[in-house]
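These are the residues of each chain, in order.
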Amino acid sequence: MKGNSETPVDIEELVFSHIPVLGPEVIEGLAVHAGGHYLDATVGGGGHTRLILEAAPNVQVTAIDQDEQALLAAQTQLAEYNDQVKFIHSNFATYNFPPETFDGVVADLGVSSYHIDTPERGFSFRHEADLDMRMDRRCSLTAADVINHWDEAELADIFFKYGEERLSRRIARRIVEQRPFHTTVELAGAIASAVPRQYRYGRIHPATRVFQALRIVVNDELKSLETFIAQAPNTLVQSGRIAIISFHSLEDRLVKHGLRNSSLLQVLTKKPILPQEEEIAANPRSRSAKLRIAERRS
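Parameters at a glance
- Residues numbered from 1 in each chain as written.
- Predicted model: local features only at pLDDT ≥ 70, side-chain atom pairs only at ≥ 80, totals over all residues.
- Heavy atoms only, no water.
- Helix = DSSP H or I, 4+ residues; strand = E, 2+ residues; numbered from the N terminus.
- Buried < 20%, exposed > 50% of the residue type's maximum accessible area, 1.4 Å probe, protein only.
- Core = buried A, V, L, I, M, F, W, Y, C linked by side-chain atoms within 4.5 Å.
- Contact = heavy atoms within 4.5 Å.
- Arc of directions from axis to C-beta.
- Phe/Tyr/Trp six-rings, centres within 6.5 Å; stacked < 30°, edge-to-face > 60°.
- Axes fitted to C-alpha atoms, helices over the stretch in contact; angles between N-to-C directions.
- Parallel < 35°, antiparallel > 145°, perpendicular 65-115°, else oblique.
- Left-handed = near helix turned anticlockwise from the far one by under 90°.
- Salt bridge = Lys/Arg side-chain N within 4 Å of Asp/Glu carboxyl O.
- Pairing = 2+ DSSP bridges.

1. Topic: unusual backbone geometry
So, point 1. In this model, Arg 179 is joined to Pro 180 through a cis peptide bond whose omega is 15°.
So, point 2. The phi dihedral of Leu 22 is positive, around 50°, even though this residue is not glycine.
So, point 3. Structurally, the position occupied by Leu 22 is in the loop between α1 (11-16) and α2 (23-30).
So, point 4. Positioned with a positive phi, Glu 100 is a non-glycine residue whose angle comes to about 45°.
So, point 5. For Glu 100, a relative accessible area of 52% puts it in the exposed group.

Structure, rendered in structure tokens:
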């Protein structure tokens, strides 16, 4: 579901419309069983947690999220399972993983519809909003800090490295020439003006990759993911499974190599599991999703 800048965004409405990506594949991959204890490391709208709870009787879920608003919304959505779910406000990289506790761990690395459709969070250039992009508002660094204070070479580097933006130098030069920027729409306009005309009307908006890079930097996403993959296997019981859904090549590369290089894990997916055409038609957000699964060695 998509909102617009003129329509108030209702948090419960957004969460209600949350569709868990690759849901059946995650449940099968985790081998959810009666009496099991599972960790949803990115509970978001609560979609995957609900599927786990519905998959078998007497299941317990520990649900964490770095975004306090998302966590509160998930609590509302999953109120009927209140005695089966423990909610914790934490980034999955800083969570204190209890050793050999969970039968399964799931992490959906995608940006939720809630974040995209809540204009004031500043994740989307389709809404007029402050340049924020913080998942965890306890953190101090914002997208405005990066755009308005980092030097041109640093900006070009992050656009290329984290956004895989070929025109990173041109865009960084234009941003430095025109800053300061205060809103998402201002920044998107400057980016569009920096690229050749034929790129302005392509399949994706020319600001897409830059906004991805900014979000990754502001939330330290790749370093957090590395830390999570290094620590999470320790929290699995023997034969417990971990399922991670990524949405772009930088994430998927870290997931692929992180699972493969862990001495505690046996990778179960030689190639990532991709959404079927039916799912993509029903939920276009799933189009770029890749699911990888591994099991703790006995």
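Here the narrative resumes, following the displayed structure.
2. Let's talk about the nonpolar core
So, point 1. Ranked by internal contacts, the top residues of the largest apolar core, which has 33 residues, are Phe 159, Ile 171, Ile 175, Leu 187 and Leu 214.
So, point 2. Contributing elements (two or more residues each) for this core: α6 (143-149), α7 (152-163), α8 (168-178), α9 (184-194) and α11 (208-218).
So, point 3. Element by element, the count of residues in this core is highest for α11, at 7 residues.
So, point 4. Setting aside anything within four residues of it in sequence, one finds Phe 159 in contact with Ile 147, Glu 164, Glu 165, Ser 168, Ile 171, Ala 172, Ile 175, Val 210, Ala 213 and Leu 214.

3. Brief notes about helix α12 (residues 221-231)
So, point 1. Along α12, the residues that are buried comprise Glu 221, Leu 222, Ser 224, Leu 225, Phe 228 and Ile 229. The buried residues of α12 occupy an angular sector of 155° when projected down its axis, which confines them to one face.
So, point 2. Elements in contact with the buried residues of α12: β4 (102-108), α7, α11, β5 (236-246) and α13 (249-261).

4. Some details on the packing of aromatic side chains
So, point 1. Counted by the stated rule, this structure contains 3 aromatic pairs.
So, point 2. Between Phe 97 and Phe 228, the ring centres sit 6.0 Å apart and the planes meet at 45°, which makes this aromatic pair tilted. On the criterion of sequence distance, the pair formed by Phe 97 in the loop between β3 (85-89) and β4 and Phe 228 in helix α12 is long-range, its members being 131 residues apart.
So, point 3. Here Phe 228 falls in the buried class, since its relative accessible area comes to 0%.

5. Focus: the environment of Asp 220
So, point 1. Along the polypeptide, Asp 220 turns up in the loop between α11 and α12.
So, point 2. Residue classification places Asp 220 among the partly exposed residues on the basis of a relative accessible area of 43%.
So, point 3. C-alpha of Asp 220 to C-alpha of Arg 134: the two residues are 86 residues apart in sequence and 9.9 Å apart in space.

6. Some details on the packing of α2 against helix α3 (residues 47-55)
So, point 1. Two numbers describe how α2 lies on α3: the axes approach to 10 Å, and their chain directions differ by 55°. The pairing of α2 with α3 is recorded here as oblique in orientation. Judged by the twist between their axes, the crossing of α2 over α3 is right-handed. Contacts between α2 and α3 pair Gly 23, Val 26, Ile 27 and Leu 30 from the former with His 48, Leu 51, Ile 52 and Ala 55 from the latter.

7. Some words on the pattern of salt bridges
So, point 1. Under the counting rule described, the total for this entry stands at 12 salt bridges.
So, point 2. Of the charged contacts, one joins Arg 174 and Glu 177 as a salt bridge, the two residues approaching to 3.5 Å between their closest N and O atoms. Residue Arg 174 and its partner Glu 177 are located together in helix α8, separated by 3 residues, close to a single helical turn.
So, point 3. Overlapping salt bridges bring together Arg 50, Glu 54 and Glu 80 as one network.

8. Looking at the sheet that holds strand β7 (residues 290-296)
So, point 1. In spatial order, the strands read β3-β2-β1-β4-β5-β7-β6; together these 7 strands make up an open sheet with mixed pairing. Because the sheet does not close on itself, it has two edges, and the strands there are β3 and β6 (265-267). In this sheet, neighbouring strand axes are inclined to one another by 20° on average, regardless of whether the strands run parallel or antiparallel.
So, point 2. In the sheet, β4 pairs with β5 via 6 bridges, with the strands oriented parallel. Residue pairing in the sheet places Val 105 in a bridge with Ile 242 of β5.
So, point 3. With respect to the sheet, α3 is in contact with β1 (37-40), β2 (60-65), β3, β4 and β5, its orientation differing from that of β2 by roughly 175°.
So, point 4. With respect to the sheet, helix α4 (residues 68-77) is in contact with β2 and β3, its orientation differing from that of β3 by roughly 165°.

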